[in-house]
Structures are given as C-alpha cells and as structure tokens.
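Observations on the three-dimensional arrangement
What follows is the residue order along each chain.
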Amino acid sequence: RRNSLRGPAARGWGRRESARSRCYSSCAIRASRCSRLSMQVDVNFAPPSFPSSTQPIALSRVHSVTRASVAMGEADVARVVQQVEELLVSGFERGVPALQREAHQADGFLPIASLLHYSPLGPAVWPFGGVGVVADCLRARGSMVVELSGDGSAVRKMPLRVQLRNQLEFLFSDNNYHRDLHLQLLQDEEGFAPLDQVVRSYAQLSQLVDAARGPAARRAALVREAVSSSAELVLQGEEEGGRHDGGGKAPIGGQLRRMTLLEKICTQVEWYLTRRDVAGDGFLMEQLSDPDGWVPISTLCAFPRMRKLCHPQLAAVAHVLSHSPRLQVSDDKSSVRASRQPARSPARAPAPAGG
C-alpha cells in the first residue's frame, strides 16, 4: 500500500505507522512489567471470597392444591433455598419440641410438611404449592448445606464432612476452577495444591474447619477424610499434619488436585464392580454376561453417571479401564470385571451336572 502512495499521502501514512508502532511498543513494555510484577505477588495475601456455588434457575410447576400452572422465577427459587438453609443452619428445630422429636426419630431429617407448618418458610412456599416446591427448588438449584431425602419429603443439615467435601469439589469443578486464579497459583506443575493452604485461603472452608469440635489434629483428619471420600479429587502426601503452630492450629498435611477424566471413569467403574454390596444389586447382577462376573462395557456406559462423564466410546473406555489394577478387561475389549470376582449371579450360574 505504501508503494502505491505518492507525495504528502505517503508522508502522512508513514507518520501514522510510526505512531502506531511506538504505541504497540509502549503497550508491550507495560505488559512485560505487569507480568514480572504478577509473579512476585504473594498468593496468600488477601485470599479471595468464596464464589457462589449454584446458578439461579426458574421453574414451572402445577400447584398441588389449585391444580393451576404456576411459574417460579429465579428470585423465588433462590429465596426458598436460602430460607431452608438459614433455618437448618441456625438450628431452628431446637426451639420447636415437635420438630426436635421428629429430627431425633429420623436421623436428623425433618419432614418438609412440618417445617412449613412451624417455620416462616410457609408464606414463601404456599403461593406455589406445598412440599414439592421445596424439593423441586433444592433439586434444581442445589445446596451445599441442605440434604434432601431420597423421596423428597424431608431435609436435614448435611454432616460437616459432606459440607467440606462439597466445598472442595466445587473449588476444583469446571464452574469455578478455570476462573479461580488464586487456586491455580497455588498449584504446582502437576496440578497439586497444598491442602492446608487451600483450606486457609477460603473463608467458608476455614469456618467449616473451625466449627468442627475436638482438637486441631482431629479437625485436620476430618478434612483429609472429606477429600478421601471424594470422587472428584486426588489426595496424596502426608497422613498426619505437622506440629501445632503458634495459633494452636495443626497444619493439614498432603496435597490435592482434581481428577482427570480417565481417573473419573476408572473410579466410577471400580465403584460399580468392587463395592461390597454388588451382589445385592439385582439389576447389575442380571447384567452379568456369564458366571465369571463379566459385565458388558456398553451396559456400564449406559448408566446415568457414566453418561455424564463421557460419550459411549467403547474402545476408548476399554483402553482406559485396562490400566486399572482393580479391573480386568476381556481379550475382545467388550467386557470388564473386577480383579477380585464378585459373587456369581444365581440366574446365570451353570446348571449342576446331571440336573
């Protein structure tokens, strides 16, 4: 373009290009300075606040009394879940003898119907229905504090270990991990982050650990137990924390990172085939292709949890499972079984000789 210009036009074009070049050079120098400064920032300084764990969602349902169609906006769903969390966290049931008796009789679960009757939750729920409203809101929005019973009729405050596990899993989930710069700065080249620094960096995790009763070493063990029970995280390192520091807190030993997709697939199939009650799972026992305990990989890939993890790419899944020391893949790569074979299915056991 410059060669096609003559006279004043060429000189004007040259001045503009020179100014643009100086501007780019200045920006590059500033960016370089900023990158050098960012490497010197102490990641333990001013830890970030814990982000929101869920996204509001709207619901459309049928009123249980009037049978009319009602719509719950995002604010309505959020308000119901928030009120349930506040009631259970505050220990509201301890001030109502009827609720306290029901909680002791049902492993801490409170019937939602009783909660609506005795608490201020009712006015927020009745315009949209009854017990089903609370269950639908908790299923749609989720909660890291409230646990919903299997039939959706009762709720309870999650055990402390489960709350810790949920908070840590959220930190390393796709919803937070890729935007959490503080967490990524804590990690090493292999993706491991010191467990003690992770817990102390986030206010909600620190509050949960401080709420645990017992000595500091017991609280550190509780955190490690929460991570060990997770199907999303990998824990490695010291079994015990170090000596107590001046503040009376025991450091939490070990490092953790998020599982890769390959590890999640292996862990899930291992849980299907090596759990203690596999013989009591009627559906899984009926899927056994022969008395030796082989299960078709296509059947496992059709399970809901496996569908959420990966596509039904059977050859790729078989290749991943073949690297698990707890699993054995057939020669034709179509079936898998536990290395320690579970009990045989009575429906597929060979008939006795002469029978």
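In what follows, the structure referred to is the one given above.
Residues numbered from 1 in each chain as written. Predicted model: local features only at pLDDT ≥ 70, side-chain atom pairs only at ≥ 80, totals over all residues. Heavy atoms only, no water.

Comments concerning the sheet that holds strand S6 (residues 193-194)
Strand order in the open sheet formed by three strands is S6-S8-S7, with antiparallel pairing between adjacent strands. The open sheet has two edge strands, S6 and strand S7 (233-236), and neither has a second partner. Sheet topology places S6 next to strand S8 (residues 255-258); two bridges connect them, and they run antiparallel. The partner of Pro-194 across the bridge, within S8, is Gln-255. (Pairing = 2+ DSSP bridges. Helix = DSSP H or I, 4+ residues; strand = E, 2+ residues; numbered from the N terminus.)

A few points about the packing of aromatic side chains
Summed over all chains, the structure comprises three aromatic pairs. Each ring, one from Phe-172 and one from Tyr-177, has its centre 6.4 Å from the other, and the planes form 20 degrees; the classification is stacked. When sorted by exposure, Phe-172 lands in the same class as Tyr-177, which is buried. Ring centres of Tyr-272 and Phe-303 lie 4.9 Å apart, and the angle between their planes is 85 degrees; on these two criteria the pair is classed as edge-to-face. Of the two residues, Tyr-272 sits in helix H12 (residues 261-274) while Phe-303 sits in the loop between helix H14 (297-301) and helix H15 (304-309), which places them 31 residues apart along the sequence. With relative accessibility at 6%, the residue Tyr-272 sits in the buried group. For Arg-258, the ring lying beneath its charged end belongs to Tyr-177, and the centroid distance is 4.5 Å. Positioned above the aromatic ring of Trp-271 is the side chain of Arg-305, whose terminal nitrogen or guanidinium carbon lies 5.2 Å from the ring centre. (Phe/Tyr/Trp six-rings, centres within 6.5 Å; stacked < 30°, edge-to-face > 60°. Buried < 20%, exposed > 50% of the residue type's maximum accessible area, 1.4 Å probe, protein only. Lys NZ or Arg CZ within 6 Å of the ring centre and 35° of its normal.)

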